[in-house]
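The primary structure of each chain is shown beneath.
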Amino acid sequence: MKTHMRKQALRSPEQINELLQKDRQYVWHPFTQMKDYEDRNHVLIDRAEGIFLYDADGRQYYDTVSSWWCNVHGHGHPKIKEAIMQQLHAFDHIMFSGLTHAPGIELAERLVNLTPEGLQKVFYSDNGSTAVEVALKMSFQYWQQVGKPEKNKFVYLDGSYHGDTLGAVSVGGVEQYHALFKPLLFHGYRMPAPDLRQAKGRSPADELIVAELALAPLRELLANEADHIAGIIVEPMLMGAGGMIMTPACYLQELRKLCTAHRVHLIADEVATGFGRTGKLFACEHADVSPDIMCLSKALTAGIMPLATTLCTNEIYDAFYDDYATQKTFFHGHSFTGNPVACAVALASLDIFQEEAVLDRMQSTIHALAEALHSCGLAELPYAANIRQLGLVAAFDLYQDAKNRIAFSADRRIGAAIYEEGFEEGLILRPLGDTIYYWLPHCTTPEDVKDIVNRTLRVLRRILG
Ligand SMILES: Cc1ncc(COP(=O)(O)O)c(C=O)c1O
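In this text the structure is predicted, and so the values were computed from the model without any measurement.

Q: Mind laying out the packing of aromatic side chains, listing which residues take part and the relevant values?
A: Tallying each qualifying case throughout the model produces 16 aromatic pairs. When the centroid spacing of 4.5 Å and the interplanar angle of 15° are considered together, the rings of Trp-69 and Trp-439 count as stacked. Taken together, the residues span a long stretch of sequence, with Trp-69 in helix α2 (residues 66-69) and Trp-439 in strand β15 (residues 435-439) at a distance of 370 residues. Considered together, Trp-69 and Trp-439 belong to a single accessibility category, that of buried residues. A ring pair is formed by Tyr-161 and Tyr-177, whose centres lie 5.9 Å apart and whose planes are at 80°; its orientation type is edge-to-face. Of the two residues, Tyr-161 is situated in the loop between β5 (153-157) and α6 (166-170) and Tyr-177 in helix α7 (residues 175-178); the sequence distance between them amounts to 16 residues. An aromatic cluster is present here, built from Phe-31, Trp-68, Tyr-161 and Tyr-177 joined pairwise through their rings.

Right, dumping it as structure tokens:
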């Protein structure tokens, strides 16, 4: 059954074929086995508006993954378009070393005021991985410059994902993406993650048990090795690429205490969770925790332009602030650092958050998502388990036998089949292995949510019965 809504196609079938042929001939897509596309096409998107993408045939798809976890106010928001045009009329990209500009300055001020207390300085880069590289180098260099050069290792969690550059991969805990590159990576300490799927229920006591399981080895590590540890990097509350693993607030609170007690930097990677996705502006707010360093990207520009920031405390900044001859400068920067158009878009996005009371408005969508997941019959399906939600993110895992948690054999590629069938239902679903998830834009309405969940159920039934 095709349930596509259509808009008029922008291209003829011949034009579409020619483009897709060239796509195969010239383009290497990310995270993609290109052989899969030998006899099957990529979907060619020609237009986007609000929560919808439209392919070249005019078929409509819900962007349920917010265009790789980035989009916030929907595609084509008029205020964002206007901000881009206004900035382009004034000036486009300029160097951000030795020069500065109002959008970069104003955005830094607003971010310092919006982020958890204590984060006072903003270092720009241009994507999530670089924000993480900056955080790691900043922390490492800090300890060199305060007379503790032996504090030079990082702690990270099983299942963590912080990007694809080599520093970020060194603190990554997803075997599929990271294991191959081990010979190129720096050594760190990998610790268990407090995966809430292991909790018996959702009471504070259940959450504490899960947190404590993960904290026990960490406490031991810190007791023995804190003199060699620069920082601990975590994705607060929600570990995305590792499988939409949700973690308890009490873990983050205890982590903060341990970092303070052992003089270790707490690095919060909010590249994915920042700007409202979890129901609060920053995921750290669920635990009322302030990190020493915070990485932001993706939704920073409402998901429209590449931009990232690494924020840090004055204490860290001050360790770099000295006469040039002392060689304490942070020698790091990217060509597109602080791109003014991207900064102008980020400012416009923050204005929209205020003017449209986005965080308040989306609470009804979050509620509708909980309600739809509860009432749609998903929990009764013999192959679905671990239904979970935090804010606009929800996930569940597919099993051959959900009750006994017996996985599908990998060669069945269930997630991939669901991805393909999703297109037939007008959904961009992009499962992580056999984990199906939504990462909804903030503009999603309660009605959209119901429709998306119903369509997903139809996809599941067609693939799995
Ligand atoms: C938590 C987290 N950190 C870092 C990154 C890397 O961001 P980018 O893909 O922009 O390099 C991602 C990307 O998904 C992420 O989820």
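Text resumes after the structure shown.
Q: Provide a residue-level description of unusual backbone geometry, including the pertinent values.
A: Unlike most non-glycine residues, Met-244 shows phi in positive territory, near 50°. Looking at the element boundaries, Met-244 is found in the loop between β8 (238-239) and β9 (245-246). Overall, Met-244 belongs to the buried group, its relative accessible area being 0%. In this structure, Asp-288 is a non-glycine residue whose phi angle is positive, near 55°. Mapped onto the fold, Asp-288 is located in the loop between β10 (265-269) and β11 (293-296).

Q: Quick rundown of the site of the ligand? Include the residues and the values.
A: In the region of the ligand, the neighbouring residues are Trp-69, Asn-127, Gly-128, Ser-129, Tyr-161, His-162, Gly-163, Glu-235, Asp-269, Val-271, Ala-272 and Lys-298. One nitrogen or oxygen atom from the main chain of Gly-128 is found 2.8 Å from an oxygen atom belonging to the ligand. The side chain of Ser-129 places a nitrogen or oxygen atom 2.6 Å from an oxygen atom of the ligand. Relative to its free-state accessible area of 390 Å², the ligand is covered by the protein chains to the extent of 84%. When grouped by side-chain class, the residues that make up the shell around the ligand number four nonpolar, five polar and three charged.

Parameters at a glance
Residues numbered from 1 in each chain as written. Predicted model: local features only at pLDDT ≥ 70, side-chain atom pairs only at ≥ 80, totals over all residues. Heavy atoms only, no water. Phe/Tyr/Trp six-rings, centres within 6.5 Å; stacked < 30°, edge-to-face > 60°. Helix = DSSP H or I, 4+ residues; strand = E, 2+ residues; numbered from the N terminus. Buried < 20%, exposed > 50% of the residue type's maximum accessible area, 1.4 Å probe, protein only. Near = heavy atom within 4 Å. Polar contact = N/O pair within 3.5 Å; in protein donor to acceptor, adjacent residues only side chain to side chain. Areas by Shrake-Rupley, 256 points an atom, 1.4 Å probe, with all protein chains shown as cover. Nonpolar A, V, L, I, M, F, W, Y, C, P; charged D, E, K, R; others polar.

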